[in-house]
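# Understanding the architecture of this molecule
Each chain is listed here by its residues.
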Amino acid sequence: MIPMKIKDNVYSLRSNHWDRKMFDELVPLPEGTTYNSYLVRGAEKTALIDTAYPPKTASYIAALKAMGLQKVDYIVSNHAEQDHSGSIPAVLQMFPEAKVVTNPRCKGLIRDALAIDPRAFIDVKDGDRLSLGGKTLRFIYTPWVHWPETMATFLEEDRVVFPCDFLGSHLATTDLFAHDEARVEVAAKRYYAEIMMPYRPHCRNALERITALEPEVIAPSHGPVYDKPAFILDLYRQWTSNDVKPEVVIPYVSMYENTAAMVEYLTDRLVERGLPVRPFDVVAVDSGDLSMALVEASTVVFATPTVLGGPHPSIAQAAYLVNILLPKTRFAALIGSYGWGTTMPDVLGELLSQFKPKFFDPVLVKGAPREDDYRALDQLADAIAEANAALAAD
Ligand code: FEO
């Protein structure tokens, strides 16, 4: 790790984790990730903004030593999760006089996980300022993006905002800045979908607060730094808005090709009616790909055979994911084949209890789909197309 200059006396200290495959054993990382810490040197005081993930502590501390730092006065902790706070004890060992600057809720969560003396903390309230000498840090509470204690730090003189996870991306890279916008957009959208989407109203609040700061640079805790903030702010404005795109996502599983035949037929009829369709065979799907597809799609159709009365377990898992990620999807439907009876809609309905789009009537087929079943799929395609057309006319 080498320090990279963002502004005079403001440096990025980025721990790249090139080969990390999963985050929290939950989120696939096709491009690895980073844990970003930042160093801000004022005329009188020096501050670190966030630290690093515990397995990266040794290289992080080595980088601080290589910089020849004589002292660190403050360690600002914007978020208690260990990928950013986990190296705080090692920094305190190196600089015992340093104070951990954070909000009381974050302090509590950090102390739940790490053995840090409570006297090492300085509490800050929303809007508080901390002068480093010619560089002033202002603390902006941005709760629930994505934990209850999350906050951002604004370096006033340089107009750099450090929003921690918010606006970040899981993308290991040596590029300091997000100049490869196509690549960063995908990584940032995946990050939003999997981490931030369940907190969409809170994201909108945080977005307003950060936009109002008129930052010149946004330096998140994962992925590259935004030296053109409008790029990520505009994307978040779009993703967190109530607007959806006329698109149908179909998570599906088929065991004897009957449900697959229904998916193929429905896909063709929807395309004929002008709707883009994205089917996902969820047996081996990357949950991040499915989550990303749901960020803006207007419609989702779950397609599953009946297994022991309910949906196939892989569809149950996809439904559970949708139910916790809470995409802004407006319309939904269930289709599928069964052998001798089914309670699939009841079971899936329970799994989707928090997900509140308008549901169309399910299309359930005994065995292989026949003429009447295809007419029912025609009607479902009509209903989906009409609903999307009405949305576009709003
Ligand atoms: Fe990157 Fe919520 O930690």
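Here, every reference points to the structure presented above.
Residues numbered from 1 in each chain as written. Predicted model: local features only at pLDDT ≥ 70, side-chain atom pairs only at ≥ 80, totals over all residues. Heavy atoms only, no water.

### Quick word on helix H1 (residues 57-66)
- Taken residue by residue, H1 has Thr57, Tyr60, Ile61, Ala63 and Leu64 as its buried positions. Each buried residue of H1 sits inside an arc of 155° when the element is viewed along its axis, so together they form one side. When the buried face of H1 is taken as reference, the exposed residues oriented beyond 90 degrees from it are Ala58, Lys65 and Ala66.
- Next to the buried residues of H1 lie strand E2 (10-17), strand E5 (33-41), strand E6 (46-49) and helix H3 (88-94).
- A positive phi of about 70° marks Gly68, the residue just after H1. (Buried < 20%, exposed > 50% of the residue type's maximum accessible area, 1.4 Å probe, protein only. Helix = DSSP H or I, 4+ residues; strand = E, 2+ residues; numbered from the N terminus. Arc of directions from axis to C-beta. Contact = heavy atoms within 4.5 Å.)

### Quick look at the packing of aromatic side chains
- Enumeration according to the criterion identifies eleven aromatic pairs in this entry.
- With centroids separated by 6.4 Å and ring planes inclined at 90°, the aromatic side chains of Phe355 and Phe359 adopt a geometry described as edge-to-face.
- Note on Phe355: relative accessible area 4%, which makes it buried.
- The exposure class assigned to Phe359 is partly exposed, which follows from its relative accessible area of 34%.
- Taken together, the aromatic side chains of Phe166, Tyr192, Tyr236 and Trp239 make up a single cluster linked through ring pairs.
- Just above the ring of Tyr265 sits the side chain of Arg269; from NZ or CZ to the centre is 4.4 Å. (Phe/Tyr/Trp six-rings, centres within 6.5 Å; stacked < 30°, edge-to-face > 60°. Lys NZ or Arg CZ within 6 Å of the ring centre and 35° of its normal.)

### With respect to the sheet that holds strand E11 (residues 136-141)
- Strands sit in the order E10-E11-E12-E13-E14 across an open sheet of five strands; the sheet is mixed. Looking at strand neighbours, the two that pair on one side only are strand E10 (129-131) and strand E14 (217-220), the edges of this open sheet. Neighbour-to-neighbour, the strand axes of this sheet turn through a mean angle of 20°, independent of strand direction.
- Note that E10 and E11 share three bridges and pair antiparallel. For Ser131, the partnering residue across the bridge sits in E11 and is Thr136. (Pairing = 2+ DSSP bridges. Axes fitted to C-alpha atoms, helices over the stretch in contact; angles between N-to-C directions.)

### Here's the deal with the pairing of E5
- In terms of burial, E5 is largely enclosed, as eight of its nine residues are buried.
- In terms of strand pairing, E2 meets E5 through eight bridges, oriented antiparallel. Bridge assignment links His17 to a residue of E5, and that residue is Thr33.
- Pairing analysis gives four bridges linking E5 to E6, with the strands arranged antiparallel.

### Some remarks on the state of the cysteines
- For the structure on display, the rule yields zero disulfides.
- The thiol of Cys106 is unpaired, and the distance to the nearest cysteine sulfur, on Cys164, comes to 8.5 Å.
- Counting only cysteine sulfurs, Cys164 is the nearest neighbor of Cys203, a cysteine outside any disulfide, at a range of 13 Å.
- A residue is classified by how much of its surface remains accessible, and Cys203, at 0% relative accessible area, is buried. (Disulfide = S-S within 2.5 Å.)

### Description of unusual backbone geometry
- Look at the link from Val145 to His146: it is a cis peptide, with omega at 15°.
- Tracing the sequence through the fold places His146 in the loop between E11 and strand E12 (151-155).
- With a phi angle near 55°, Asp24 is a residue other than glycine that sits in the positive phi range.
- Considering the arrangement of structural elements, one finds Asp24 in the loop between strand E3 (22-23) and strand E4 (27-28).
- At Leu308, a position not held by glycine, the phi torsion is positive, near 50°.
- Positionally, Leu308 belongs in the loop between strand E18 (306-307) and strand E19 (310-311).

### As for the sheet that holds strand E8 (residues 99-102)
- Sheet architecture is open: seven strands sit in the order E1-E2-E5-E6-E7-E8-E9, paired in mixed fashion. The open sheet has two free edges, formed respectively by strand E1 (4-7) and strand E9 (121-123), since each of these has just one partner strand. Adjacent strand axes in the sheet meet at a mean angle of 25°, parallel and antiparallel pairs treated alike.
- Strands E8 and E9 of the sheet are contacted by helix H4 (residues 104-113), whose axis makes an angle of about 150° with E9.

### Here's the deal with the packing of helix H6 (residues 200-212) against helix H7 (residues 229-240)
- Between H6 and H7, whose axes approach to 10 Å, the crossing angle comes to 150°. As summarised for this structure, H6 and H7 are arranged roughly antiparallel, according to the angle between their axes. In this structure, the crossing between H6 and H7 has a hand that is left-handed. Taken together, the residues of H7 that come into contact with H6 (itself represented by Arg200, Cys203, Arg204, Leu207, Ile210 and Thr211) are Leu233, Tyr236, Arg237, Trp239 and Thr240.
- The residue makeup of the contact of H6 with H7, split by class, is six nonpolar, two polar and three charged. (Parallel < 35°, antiparallel > 145°, perpendicular 65-115°, else oblique. Left-handed = near helix turned anticlockwise from the far one by under 90°. Nonpolar A, V, L, I, M, F, W, Y, C, P; charged D, E, K, R; others polar.)

### Side note on the side chain of His222
- On the secondary structure map, His222 appears in the loop between E14 and H7.
- A distance of 3.1 Å separates polar atoms of two side chains, one belonging to His222 and the other to His84.
- Leave out the neighbours within four places in its chain, and His222 touches Phe23, Thr33, Thr34, Tyr35, Asn36, Asp83, His84, Asp165, Gly168, Ser169, His170 and Tyr191. (Polar contact = N/O pair within 3.5 Å; in protein donor to acceptor, adjacent residues only side chain to side chain.)

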